[in-house]
Amino acid sequence: MVKEIERTGLPVVHMCTVVPISLTVGANRIVPTVAIPYPLGNPTLGAEEEKKLRERLVRRALNSLTQPVDSQTVFEK
Amino acid sequence: MSKIRVLHYINQFFGGIGGEEKADVPPSLREGKVGPGMAIQGAFRDEAEVVSTIICGDSYFNENLDEAKAQILQMVKDVNPDLFIAGPAFNAGRYGVACATIAAAVKEELGIPAITAMYEENPGVDLFRKQLEIVKTANSAAGMRDAVNNLVPLALKLARGEEVLGPEEEGYFPRGIRVNYFAEERGSARAVDMLLKKIKGEDFETEYPMPVFDRVDPAAPLKDLASATIALVTSGGIVPKGNPDHIESSNASKYGSYSLEGFNDLTSETHETAHGGYDPVYANQDPDRVLPVDVLREMEAAGEIGKLHNMFYTTVGNGTAVASAKKFASEIAQKLLSAGVDAVILTST
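Residues numbered from 1 in each chain as written. Chains lettered and ligands numbered in written order. Predicted model: local features only at pLDDT ≥ 70, side-chain atom pairs only at ≥ 80, totals over all residues. Heavy atoms only, no water.

1. A closer look at the overall build of chain B
This is how the line gets drawn: The secondary structure listing takes helices from DSSP runs of H or I that are at least 4 residues long and strands from runs of E that are at least 2 residues long, numbered from the N terminus. Contact criterion: two residues are considered in contact whenever any of their non-hydrogen atoms come within 4.5 Å of each other. For every accessible area listed, the method is Shrake-Rupley and the probe measures 1.4 Å; residues are considered covered only by the protein chains on display. Charge convention: Lys and Arg are scored as positive, Asp and Glu as negative, and His as well as the terminal groups of each chain are ignored. Charge coordinates come from a single atom per side chain, which is NZ of Lys, CZ of Arg, CG of Asp or CD of Glu.
Of the regular secondary structure elements, chain B holds 11 helices and 12 strands. Taking the contacts inside chain B whose residues are at least 6 apart along the sequence as the reference set, 73% of them involve residues at least 24 apart. Working note: accessible area of chain B is about 16,700 Å², and carbon and sulfur atoms make up 49% of it. Placing the 33 positive and 50 negative side-chain charges of chain B at their respective mean positions leaves the two points 6 Å apart.

Okay, structure coming up:
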């Protein structure tokens, strides 16, 4: 899905937990996430901490969309 | 000759521990055969014996890759089998990745013959087909009998160190290995034969298949985030409560486009997941854990991004055919373009 969208020229960031799959599929901007059933959250944290975690990850994703990349890049921070 | 000792790896589902709610169980070692190990043992007859079985949750393995690998390799060392079999995994993505990862590690790090089996669209195939023999199977456990019957003879060959023939003969995915052989006819004659067949419109088989690289160049970055319209797309199955378009929980045949107008936060009252391939409890409690509408709305209000696109696009990426996913996404992409979206966040579970 990532590739078909990027083919049109729109930058896409893939937020997912199993990075090796994203790499084989061919995503170019990848942000690793927390866990398969809750990529952008963590039920063991309190509501406030959990939202901060989500904010950090989404900010990292947005930042990756502003960065030029010439090959597959995993944005660890 | 004494019986070949086999160690079998399966997931929590085939191990009878439970479904998605148990996908986070760490690996455990059991004596003897469990679940599909019965069928494998049947096909081995007296040649080999499944002495132990490792059962591990699919999410546990994929979320704790290094740790899970180390734990399982230690178990394999303790059992010290003559042969390691993982799966078959059919079209279960996390299971296939786990099977192929661990089988390749057993082979490479412990030098024990290892093999697995799965469906061609399983992501485990492309990740590890070069490292080891991965036997082709159907896309669901309905194909268990054929899978076992194709897996076992090749597994015995590997355990005995016998010659393994090409992927066509043995039924595994091509590993990209070239083997020298003496052809009956020389190259020029074979080339002319091929050309004549081609001219006649007959089937011919190239001796030099070209690899298919389906890669897309990275798109240019956004110039200005603060004026950009960002859209959300997900394969995590988030849908309005009640799943109005009945998107299937696996092997989805469609995607949904839904409005975000008026939503500042997704809640258990308004949205849920239709995905049948992961434990839905957490996404149902708070769908923002998969589709982060709440924080994007705040960033929109604060002017960090120009706008959150007022539609989101969603499907279930669970055993869904690659061809379907491609079709959904190219339609979604056209909609995004005509709506003036500048960039996309795609979340996957």
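2. Considering the pattern of salt bridges
Note the threshold: Any Lys or Arg side-chain nitrogen located within 4 Å of an Asp or Glu carboxyl oxygen qualifies as a salt bridge. Only protein chains enter the accessibility calculation, which uses a 1.4 Å probe; a residue is then buried when its area is under 20% of its type maximum, exposed when over 50%, and partly exposed in between.
In this structure the tally under the stated criterion is 20 salt bridges over all chains. We note a salt bridge from Asp-214 of chain B to Arg-7 of chain A, for which the minimum N-O separation is 3.1 Å. Residue Asp-214 of chain B is located in the loop between helix 8 (187–200) and strand 7 (229–234), and its partner Arg-7 of chain A is located in the loop between helix 1 (2–6) and strand 1 (12–16); the two belong to separate chains. Judged by its relative accessible area of 27%, Asp-214 of chain B is partly exposed. You can call Arg-7 of chain A partly exposed: its relative accessible area is 40%.

3. A few points about the interface of chain B and chain A
What counts is decided by this rule: A simple way to read buried area is as the amount of 1.4 Å-probe accessible surface that goes missing from two parts once joined, with both sides added. The definition of a polar contact used here is a pair of N or O atoms within 3.5 Å, where within protein one atom must be able to donate a hydrogen and the other to accept one, and adjacent residues in sequence count solely through side-chain atom pairs.
Listed by partner, the interface residues are 57 residues for chain B and 50 residues for chain A. Interface of chain B and chain A: buried area, both sides summed, is about 4,600 Å²; carbon and sulfur atoms make up 69% of it. The interface formed by chain B and chain A contains 20 residue pairs in polar contact (both at pLDDT 80 or more). Sorting the residues of the side of chain B that touches chain A by element identifies helix 2 (58–63), helix 4 (93–110), helix 5 (123–128), strand 7, helix 9 (281–285), helix 10 (293–301), helix 11 (322–338) and strand 12 (343–347) of chain B as the ones contributing at least two each. Examining the composition of the side of chain B that touches chain A, we find that 9 residues originate from one element, helix 11 of chain B, more than from any other.

4. Overview of the domain arrangement of chain B
Residue and element names in this part refer to chain B. This is how the line gets drawn: How far each domain reaches was decided by an automatic or database domain assignment. Residues are sorted three ways: Asp, Glu, Lys and Arg are charged, Ala, Val, Leu, Ile, Met, Phe, Trp, Tyr, Cys and Pro are nonpolar, and all the rest, Gly among them, are polar.
Along its sequence, chain B is carved into domain 1 (4–170) and domain 2 (225–347). At the interface, 5 residues of domain 1 touch 8 residues of domain 2. Run the count over domain 1 and domain 2 and you get 0 salt bridges. Between the two partners, domain 1 and domain 2, sit 3 residue pairs in polar contact (both at pLDDT 80 or more). For the side of domain 1 that touches domain 2, the residue count by class is no nonpolar, 1 polar and 4 charged.

5. Re the packing of aromatic side chains
Residues and elements named next belong to chain B. What counts is decided by this rule: What counts as a ring pair is set by centres within 6.5 Å for rings of Phe, Tyr and Trp (its six-membered ring), and what kind of pair is set by the plane angle: stacked under 30 degrees, edge-to-face over 60, tilted for all other angles.
Per the stated rule, a full pass over the model turns up 7 aromatic pairs over all chains. Pairing Tyr-9 with Phe-61 gives two aromatic rings, centres 6.3 Å apart and planes at 70°, and the pair type is edge-to-face. Taken together, the residues span a long stretch of sequence, with Tyr-9 in strand 1 (residues 4–11) and Phe-61 in helix 2 at a distance of 52 residues. Classification of Tyr-9 as buried rests on a relative accessible area of 0%. Both rings, one in Tyr-258 and one in Phe-312, keep their centres 5.8 Å apart while their planes meet at 50°; by these two values the pair is tilted. One end of the pair, Tyr-258, is in strand 9 (residues 256–259); the other, Phe-312, is in strand 11 (residues 307–314), and 54 residues separate them in sequence. Of the two residues examined, Tyr-258 and Phe-312, each falls in the buried class. Cluster of aromatic residues (ring-pair linked, three or more members): Phe-13, Phe-14, Phe-90 and Tyr-95.

6. What to know about unusual backbone geometry
Residues and elements named next belong to chain B. Residue Gly-87 is joined to Pro-88 through a cis peptide bond whose omega torsion reads 5°. For Pro-88, the location among the structural elements is in the loop between strand 4 (83–86) and helix 4. The backbone of Arg-45 shows a phi angle near 50°, a positive value even though the residue is not glycine. In this structure, Arg-45 sits in the loop between helix 1 (37–44) and strand 3 (48–56).

7. Focus: the side chain of Arg-289 of chain B
Along the chain, Arg-289 of chain B falls in the loop between helix 9 and helix 10. Among residues more than four places away in sequence, those in contact with Arg-289 of chain B are Tyr-38, Pro-39, Leu-40, Gly-41, Pro-43, Glu-50 and Arg-54 of chain A together with Tyr-282 of chain B.

8. Notes on the sheet that holds strand 1 of chain A
Paired through backbone hydrogen bonds, the strands of a sheet run either parallel or antiparallel to each other. Definition in use: Between any two strands, at least two bridges found by DSSP are needed for them to pair. To obtain an axis, a line is fitted to C-alpha atoms, over the contacting stretch when the element is a helix, and the angle between two such axes runs from 0 to 180 degrees between their N-to-C directions.
Within the open sheet, the 7 strands sit side by side as 3(A)-2(A)-1(A)-12(B)-7(B)-11(B)-9(B). Their pairing is mixed. Every other strand in the sheet has two partners, leaving strand 3 (73–74) of chain A together with strand 9 of chain B as the edge strands with one partner each. The sheet contact formed by strand 9 of chain B and strand 11 of chain B spans 4 bridges and is antiparallel. Each residue of the ladder has a partner; that of Gly-256 of chain B, found in strand 11 of chain B, is Thr-314 of chain B. Contacting strand 7, strand 9, strand 11 and strand 12 of chain B, helix 11 of chain B crosses the sheet at an angle of about 160° to strand 11 of chain B.

9. Focus: the state of the cysteines
Residues and elements named next belong to chain B. The following threshold applies: Two cysteine sulfurs form what is called a disulfide whenever their separation falls within 2.5 Å.
One pass over the structure, following the stated rule, counts 0 disulfides over all chains. Here Cys-56 is not cross-linked by a disulfide; its sulfur's nearest cysteine counterpart is in Cys-99, at 10 Å. Classification of Cys-56 by relative accessible area gives buried; the value is 0%.

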